[in-house]
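Architecture and fold: a report
What follows is each chain in one-letter form.
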Amino acid sequence: MPEDKPFMLFSCCIPVKGAERSVLCDLQRQTAHFIPEGLFEILTLHEGKTAAQLKAAYQHRFDEIIGEYFQFLEKGEFIFFTDTPERFPKMDLRWEEPRLITNAIIDIGEVSLPWENMIGELEQMGCGHIHIRSFSDKQLGFFEALLPGFEGKRIESIVLTIKFQPVFEERALLAFCRRFPRLSTLEVHSVPAGHPLFSLPARESLLFITEEKISSGLHCGFISPAYFTINVKTFTEALRYNSCLNRKISIDSGGEIRNCPSMPQSHGNIRETRLSDALEKPEFRKYWNITKDQIRVCRDCEFRYICTDCRAFLEEPADSFSKPLKCGYNPYTCEWEEWSTNPLKHRAAEYYGMESLPGMERG
């Protein structure tokens, strides 16, 4: 560690402060590292100083600790040393997106949806990612007829969630995945425990198998480190917009146009209302700008810019700025718990009709 050269954070490495601890987000390597409050202070208040200046600023009381901090930062390649720090401007953290809609959720039910019109409108709005969900019995043939309608469009990826059928077998599912290049993931839920599909090799990454019985959108909205996303695009979006609902549009199983299929307000039915007309309604966009810095508890969380969000299921259902119901993390104790075991959440869970979800049964 050179004592006489100012240190600089690489611009893709951004410290985020929480109530009790902080994280250093490396947006290039897509990783996050816990850092103590002392190091957060150094990185945010003393960047551009030399190690000698830094030690003097703390009156040489923490020289050994500062040395350990710099060893960590150098080993992780989070910092570099330069005599000309003014030549290294910070990353532009603005989020810009030319698309009117970036992603959509479409739930399949018994109601027939005007797929050709919907796909055409999503194409016109620039939608890049679509999640199609089916909670009832649908054979592969239904989706084999549906997915070709997305070919030749700007839509980049499709996640398809379908219910297990006894006729499903490994070879047919893998062939289905490979047939449609825009299909990024095929999720098959409600698979019986011990079924041969669970023995598929991990390399078949397009196919996700679970025995969880997903019967409705009530199973959505979980907050977990497994869903954290660390990259420039999602980080900068989370700074200024809602990390779930911004630029999203959804059609529920009855054809109602919503921000999310699980949210109560409808902005018209797809059989009578154009998606573009629903999008122009002022109330449709009211959730887009709710950031984690505005949400109680979340604003004190060190994970807030890399975490997902949920405005459909809240700890306090009447408050749009309430913490997500299905988050079990406490930023004041730095501990995770299973959200459904917290008795303080049961009243809200009952409000949303979640009593039958796994873990919600009361003893």
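Preceding block: the structure.
Summary of the structure given here. Treat the numbers as computed from the prediction; the structure is a model and nothing was measured.

Conventions adopted
- Residues numbered from 1 in each chain as written.
- Predicted model: local features only at pLDDT ≥ 70, side-chain atom pairs only at ≥ 80, totals over all residues.
- Heavy atoms only, no water.
- Helix = DSSP H or I, 4+ residues; strand = E, 2+ residues; numbered from the N terminus.
- Buried < 20%, exposed > 50% of the residue type's maximum accessible area, 1.4 Å probe, protein only.
- Contact = heavy atoms within 4.5 Å.
- Areas by Shrake-Rupley, 256 points an atom, 1.4 Å probe, with all protein chains shown as cover.
- Lys, Arg positive; Asp, Glu negative; His and termini not counted.
- Charge placed at Lys NZ, Arg CZ, Asp CG, Glu CD.
- Salt bridge = Lys/Arg side-chain N within 4 Å of Asp/Glu carboxyl O.
- Phe/Tyr/Trp six-rings, centres within 6.5 Å; stacked < 30°, edge-to-face > 60°.
- Lys NZ or Arg CZ within 6 Å of the ring centre and 35° of its normal.
- Core = buried A, V, L, I, M, F, W, Y, C linked by side-chain atoms within 4.5 Å.
- Right-handed = clockwise from strand over helix to strand, strands pointing away.
- Pairing = 2+ DSSP bridges.
- Axes fitted to C-alpha atoms, helices over the stretch in contact; angles between N-to-C directions.
- Parallel < 35°, antiparallel > 145°, perpendicular 65-115°, else oblique.

Let's talk about the overall build of the protein chain
Of regular secondary structure, the protein chain possesses nine helices and 14 strands. In the protein chain, which comprises 363 residues, the proportion classed as buried is 49%. Within the protein chain, contacts between residues at least 6 apart in sequence are counted, and of these 65% link residues at least 24 apart. Surface accessibility of the protein chain: about 18,100 Å² in total, with carbon and sulfur atoms responsible for 51%. Across the protein chain, 43 positive and 52 negative side-chain charges occur, with their mean positions spaced 3 Å apart.

Some thoughts on the pattern of salt bridges
Applying the stated criterion to the full structure yields 21 salt bridges. Across the pair Glu37 and Lys17 runs a salt bridge whose closest N-O atoms are separated by 2.2 Å. On the criterion of sequence distance, the pair formed by Glu37 in helix H1 (residues 37–45) and Lys17 in strand E2 (residues 13–17) is long-range, its members being 20 residues apart. Overall, Glu37 belongs to the partly exposed group, its relative accessible area being 27%. A residue is classified by how much of its surface remains accessible, and Lys17, at 39% relative accessible area, is partly exposed. One salt bridge connects Arg274 with Glu121, and the closest N-O pair in it is separated by 3.6 Å. Remark: Glu121 occurs in helix H4 (residues 115–124) and Arg274 occurs in the loop between strand E12 (257–258) and helix H8 (275–279); sequence separation between them is 153 residues.

So, the side chain of Thr102
Mapped onto the elements of the fold, Thr102 is located in the loop between strand E5 (79–81) and strand E6 (103–108). In this structure, Thr102 is in contact with Glu97, Cys127, Gly128, His129, Asn246 and Arg247, ignoring residues within four places of it in sequence.

Thoughts on the packing of aromatic side chains
All chains considered together, the criterion is met by 21 aromatic pairs. Between the aromatic rings of Phe142 and Phe143, the centroid separation amounts to 5.1 Å while the plane-to-plane angle is 85 degrees, which identifies the pairing as edge-to-face. Residue classification places Phe143 among the buried positions, given a relative accessible area of 0%. Centroid distance Phe164 to Phe168: 6.0 Å. Interplanar angle 85 degrees. Geometry classified as edge-to-face. The burial state of Phe164 is the same as that of Phe168; both residues are buried. Three or more aromatic residues link up through ring pairs in this structure, and these residues are Phe34, Phe228, Phe303, Tyr329 and Trp336. Directly above the aromatic system of Phe142 lies the positively charged group of Lys138, at a separation of 4.5 Å from the ring centroid. Cation over ring: Lys326 sits above Phe222, and NZ or CZ is 4.4 Å from the ring centre.

Looking at the nonpolar core
Residues Phe150, Leu186 and Val188 are the most contacted members of the largest nonpolar core, which totals 46 residues. Excluding residues that lie within four positions of it along the chain, Val188 makes contacts with Ile162, Lys163, Phe164, Phe168, Leu173, Leu207, Phe208, Ile209 and Thr210. Among the nonpolar cores identified, the runner-up in size contains 36 residues, and Leu39, Ile79, Phe235 and Cys327 belong to it.

What about the pairing of strand E8 (residues 157–163)?
Where a strand is regular, its side chains alternate between the two sheet faces. Counting buried residues along E8, six of its seven residues qualify, which places the element largely inside the surrounding structure. In the classification by handedness, the crossover that spans strand E7 (residues 129–134), the intervening helix H5 (residues 140–146) and the parallel E8 is right-handed. Note: E8 against strand E9 (residues 183–189), six bridges, orientation parallel. Among the inter-strand pairings, Thr161 is bridged to a residue of E9, identified as Glu187. Handedness of the E8-helix H6 (residues 170–179)-E9 crossover: right-handed.

What to know about the packing of H1 against helix H3 (residues 63–75)
Contact geometry for H1 and H3: axes closest at 11 Å, N-to-C directions at 75 degrees. When the axis of H1 is compared with that of H3, the two are roughly perpendicular. Residue-level contacts link Gly38, Leu39, Ile42 and Leu43 of H1 to Ile66, Tyr69, Phe72 and Leu73 of H3.

A few points about the sheet that holds E2
Within a beta sheet, neighbouring strands are joined by backbone hydrogen bonds and run either parallel or antiparallel to one another. What the three strands build is an open sheet, ordered E2-E3-E4; its pairing is antiparallel. Taken across any chain shown, the strands that pair with only one partner, and hence form the sheet edges, are E2 and strand E4 (31–35). If you compare each strand with its neighbour and ignore which way they point, the axes differ by 25 degrees on average. Of the strand pairs in this sheet, E2 and strand E3 (residues 22–26) are connected by five bridges, and their pairing is antiparallel. Opposite Ile14, over in E3, you have Cys25 as the bridge partner.

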